[in-house]
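An overview of the molecular structure
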Amino acid sequence: MMKLNQPVLLIAVFVLLAGLLVFAQPGKKKILVAHRGASAYAPEHTAAAYRLAIEQGADFVEQDLQITKDGVLVCLHDLTLERTTNAEELFPDRFHTDVTEDQPQTASPAKHWYVSDFTLAEIKKLDAGSWFNEKFKGERVPTWQEAIALVRGKAGMYPETKAPEVYGKRGFDMEKLLMESLRKNKLDQPNADPKTPLVIQSFSAASLRKLRDEYKTRLTLTFLIGGDPQKQWLTEDGLKKVKAFAEGIGPSKGLLDREPKIVEWAHAAGLTVTPYTFRSASTGKFKDVREEMTHALFTLGVDALFTDNPDQFPRR
Ligand code: G3P
Ligand code: CA
C-alpha cells in the first residue's frame, strides 16, 4: 500500500476541507418564511396560524400590516375586513362603496369594510377564524405588537408595509409607525435579538427607500415584485438599481418561472431571492408543493421562499 508522507497528507486534508466548503456552502441555509403564518392549515394572520408556523419550523413568520382608524398597526392581508372576518355581520352599515371609472354608477358597486374605518376596539370584536373553519371561531385580528409578543424568541419576523401610499392619503405614515414600534421593542437594529431577525418587505420601492433614507434603517429590506408593471425591475440593469434600496427581491413564482435567470442576475447584483407564494392549493405543473419548493430551492437556486405550508418545506 502507498505510504503517504506528511506534506502529501496535509495537502490531501486541505483539498478535502476546501471541497467540503465549496459543496456544503456553509451559511447558505435555505430560509422558510411562513406566509401569513401556516395559512394552509389555520386562518391567515391569526395567533393560531402564527403558532402553528413556529411549531412547523418556520425561520420567519410573515405579517402583512394595515392601520386602524386610531392609528394602530394590525396584521391583515387585505385593506378591507370582509373576506377574513365577520365585519359585514357585526357592522352592516359601516361599508364604503368604490366607484371607479371602469365601474359605472349604474352598476351595483361592491361594498367594502375598510380597516382604516374601524377603531382597534371595534376590530377586536371581529371573528377572524370562522370563515376558515368553525373550529377557529373566536380567533382575533392580531395587532403587530401582539404578533411580536407571540413570535419573539421563537422565529424571525417579516413585516410587509401594505399599501403605504393608500394609508398616506389617509394621514398615516406606515413606515414611521413600524420603525417606532421596532425601536420601542428594541428590534430596530440588525441582530438586536439573534432569535428574532427582522426583514421588512414591500411592493412599494418608495416605502423601502423611505425606510432606508428617511428612517435610516439598517434592517434587511426585500423588494416584492409582482405584476407586469413591476417587471421592469427584473432585468440585469433593473436589479442593479434595486440594490440601491434593498438587500433582496421577492418575485412572484410566476415571474420566476418565465425567466429563471432572474436568480443568477439577482445574485450577481448582490441580492437574495425569496419568491412567493408556494401553497398546496396551487402547484401548477408540480406533483405537490414539496416538489415545487424543492425545484425552486435546489434547481433554480433561490435563497428562501414564502409558503402557506411550512411543514412541507424541504430541508437538506
Ligand atoms: O409578501 C409576500 C407575498 O405575501 C406577497 O403577496 O399579496 O400575499 O402579500 P401577498
Ligand atoms: Ca405579504
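Since we're looking at a predicted model, the values are computed, not measured.

On to the overall build of the chain. Broken down by element type, the chain carries twelve helices and eleven strands. In the chain, buried positions account for 48% of the 316 residues. Excluding contacts between residues fewer than 6 apart, the proportion of contacts in the chain whose partners are at least 24 apart in sequence is 65%. Within the structure as shown, the chain displays about 16000 Å² of accessible surface, and the carbon and sulfur contribution to it stands at 56%.

A separate point is helix 8 (residues 205-214). Owing to its 3.6 residues per turn, the α-helix brings residues three or four apart onto one side. By the burial criterion, the buried members of helix 8 are A205, S207, L208, L211 and R212. Buried positions in helix 8, seen along its axis, are confined to an arc of 170° and lie on one side of it. Contact partners of the buried residues in helix 8: strand 6 (156-161), helix 6 (164-169), helix 7 (174-184), strand 7 (199-202) and strand 8 (220-225). The first or second residue beyond helix 8 is K216, which carries a positive phi of 55°.

Taken together, E62 (OE), D64 (OD) and E160 (OE) make up the full set of protein donors to the calcium ion (ligand 2), lying 2.1 to 2.3 Å away. For the calcium ion (ligand 2), the six donor atoms are set out with angles of 60 to 157° between them, so the coordination reads as irregular. Sequence positions of the donors to the calcium ion (ligand 2) reduce to the motif E-x1-D-x95-E. Accessibility assignment for this pair places E62 and D64 in one class, buried.

Quick look at helix 5 (residues 144-151) now. Turning to helix 5, its buried residues number three or more, namely W144, A147, I148, L150 and V151. All buried residues of helix 5 project into a common sector of 165° when viewed along the axis, lining one side. Looking at the buried residues of helix 5, the elements they touch are helix 2 (47-55), strand 2 (60-67), strand 3 (73-75), strand 6 and helix 7. Just past helix 5, the residue G153 takes up positive phi, approximately 85°.

With that settled, the discussion passes to the side chain of T80. Tracing the chain through its elements places T80 in the loop between strand 3 and helix 3 (87-90). Each residue touching T80, except ones within four places of it in the same chain, is listed here: H112, W113, Y114 and V115.

Near ligand 1 you find H35, R36, E62, D64, H77, E160, K162, Q201, F203, L224, Y276 and F306, and these make up its full shell. A distance of 3.5 Å separates an oxygen atom of ligand 1 from a polar atom in the side chain of D64. For ligand 1, an oxygen atom lies 2.7 Å from a polar atom in the side chain of H77. Protein chains shield 90% of the accessible area of ligand 1, which is 280 Å² for the free molecule. Split by residue class, the shell around ligand 1 holds four nonpolar, three polar and five charged.

Take the environment of L76 next. One can find L76 in the loop between strand 3 and helix 3. Judged by relative accessible area, L76 falls into the buried class, the value being 6%. As for L76 and R36, which are separated by 40 residues in sequence, their C-alpha atoms are 8.3 Å apart. With residues near it in sequence (within four places) discarded, L76 still touches H45, D64, L65, Q66, L81, T84, V115 and V141.

Each value, and the rule that gives it
- Residues numbered from 1 in each chain as written.
- Chains lettered and ligands numbered in written order.
- Predicted model: local features only at pLDDT ≥ 70, side-chain atom pairs only at ≥ 80, totals over all residues.
- Heavy atoms only, no water.
- Helix = DSSP H or I, 4+ residues; strand = E, 2+ residues; numbered from the N terminus.
- Buried < 20%, exposed > 50% of the residue type's maximum accessible area, 1.4 Å probe, protein only.
- Contact = heavy atoms within 4.5 Å.
- Areas by Shrake-Rupley, 256 points an atom, 1.4 Å probe, with all protein chains shown as cover.
- Arc of directions from axis to C-beta.
- Donors = N, O, S within 2.8 Å, 3.2 Å for Na, K, Ca; no water.
- Tetrahedral: all angles 85-135°; square planar, octahedral: opposite > 155°, others 65-115°.
- Near = heavy atom within 4 Å.
- Polar contact = N/O pair within 3.5 Å; in protein donor to acceptor, adjacent residues only side chain to side chain.
- Nonpolar A, V, L, I, M, F, W, Y, C, P; charged D, E, K, R; others polar.

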